[in-house]
Amino acid sequence: MNFQVTVLKILVSYPDGFAVMADLKRDMAILATSGRDWAERTKRLAARVPDLDIFLQGLVERLNGGWRITDKGRSVLEIMEERSAAVPATEPPPIRATSDSTPAATPAASPVEMGRRKRDRKRRRRDLVAARARAKAS
C-alpha cells in the first residue's frame, strides 16, 4: 500500500478535505487490511507520479491536529486517476440498465466509506442497546 496515495484518497473522501489524525489512522487501518486490491491500486496510482511527496509538494497541509488536502493535492490526485482510467482495467465494465424500469447498478462504495458505514451501524446498535437498558432500569 502506498502511504501517500492512500492519504490523498482518504482526505479527498472527507467533505472539506480535512481529517483529524484519529480518523486518518482508522481509515488507514481499514484500507491496510482490505486486501491486495487496494495495495495494487495505490501502487498503480503512485507509479503515475513517481516523485510524489505530499508535504514537500504542498499537496497536504498539517492543521489543528489533522491533515487537509490542498487544491493542488486534489488536482494531482485527479491527474493520477485520469491516467489510470486510460489504462484498460482488468475489472468488468459496470452493469448498465437494460430497460427504463431497471435501475443502473450503483458503483461500489470505497473501503473508507464501507468502514464508516460499519462504524455507524455499530454506533446505532450500541445506542439502541443502551436506550433499552435505560428504559428497562426505570
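Higher on the page you've got the structure.
Now for a quick tour of the structure. Each residue is numbered by its place in its chain's sequence as written, counting from 1. In keeping with the predicted nature of the model, local features appear solely for residues at pLDDT of at least 70, side-chain atom pairs appear and are counted solely at 80 or more, and the whole-chain, interface and lining totals rest on all residues. The basis for every side-chain value is the complete set of heavy atoms in the structure, and neither hydrogens nor water enter the calculation.

1. Digging into unusual backbone geometry
Note: most residues except glycine have negative phi, and most peptide bonds are trans. Under the convention used in this document: Secondary structure elements follow DSSP: runs of H or I no shorter than four residues count as helices, runs of E no shorter than two count as strands, and numbering proceeds from the N terminus.
The phi torsion at asparagine 64 lies on the positive side, around 40°, for a residue other than glycine. By the element assignment, asparagine 64 lies in the loop between β2 (60-63) and β3 (66-69).

2. A word on the pairing of β3
For clarity, the threshold we go by: Two strands form a pair only when DSSP identifies at least two bridges running between them.
In this sheet, β3 lies alongside strand β1 (residues 18-20) in antiparallel orientation, the contact comprising 3 bridges. Counterpart to alanine 19 in the pairing with β3 is tryptophan 67. Two elements, β2 and β3, share 4 bridges in a ladder whose sense is antiparallel. In the strand pairing of β3, glutamate 61 is matched with arginine 68. With antiparallel pairing between neighbouring strands as the criterion, β2 and β3 make up a hairpin whose turn holds 2 residues, including asparagine 64 at a positive phi of roughly 40°.

3. What to know about a positive patch on the surface
Rules: The patches described consist of residues with a relative accessible area above 30% and no salt bridge, like charges being joined within 9 Å and nonpolar side chains (Val, Leu, Ile, Met, Phe, Trp, Tyr) within 5 Å. Computed by Shrake-Rupley with a 1.4 Å probe, the accessible areas treat only the displayed protein chains as cover when residues are assessed. The rule for a salt bridge is simple: a side-chain nitrogen of Lys or Arg has to be within 4 Å of a carboxyl oxygen of Asp or Glu. Positive charges are assigned to Lys and Arg, negative charges to Asp and Glu, while His and the chain termini are left out of the count. By convention, the charge on Lys lies at NZ, on Arg at CZ, on Asp at CG and on Glu at CD. Relative accessibility decides the category of a residue: with a 1.4 Å probe and only protein chains considered, values under 20% of the type maximum give buried, values over 50% give exposed, and everything between is partly exposed.
A grouping of Lys118, Arg121, Lys122, Arg124 and Arg125 is seen on the molecular surface, where their side chains present a positively charged patch. With respect to the helices and strands, the residue arginine 121 is situated in helix α5 (residues 111-137). On the accessibility criterion, arginine 121 (41% relative accessible area) is partly exposed.

4. A few points about the side chain of threonine 42
Let me state the cut-off plainly: Polar contact is the term for a pair of N or O atoms within 3.5 Å; when the atoms are in protein, one must be able to donate a hydrogen and the other to accept it, and sequence-neighboring residues count only if both atoms are side-chain atoms.
Mapping threonine 42 onto the fold places it in helix α3 (residues 36-48). Of note is the side chain of threonine 42, whose polar atom sits 3.0 Å from the backbone oxygen of alanine 39.

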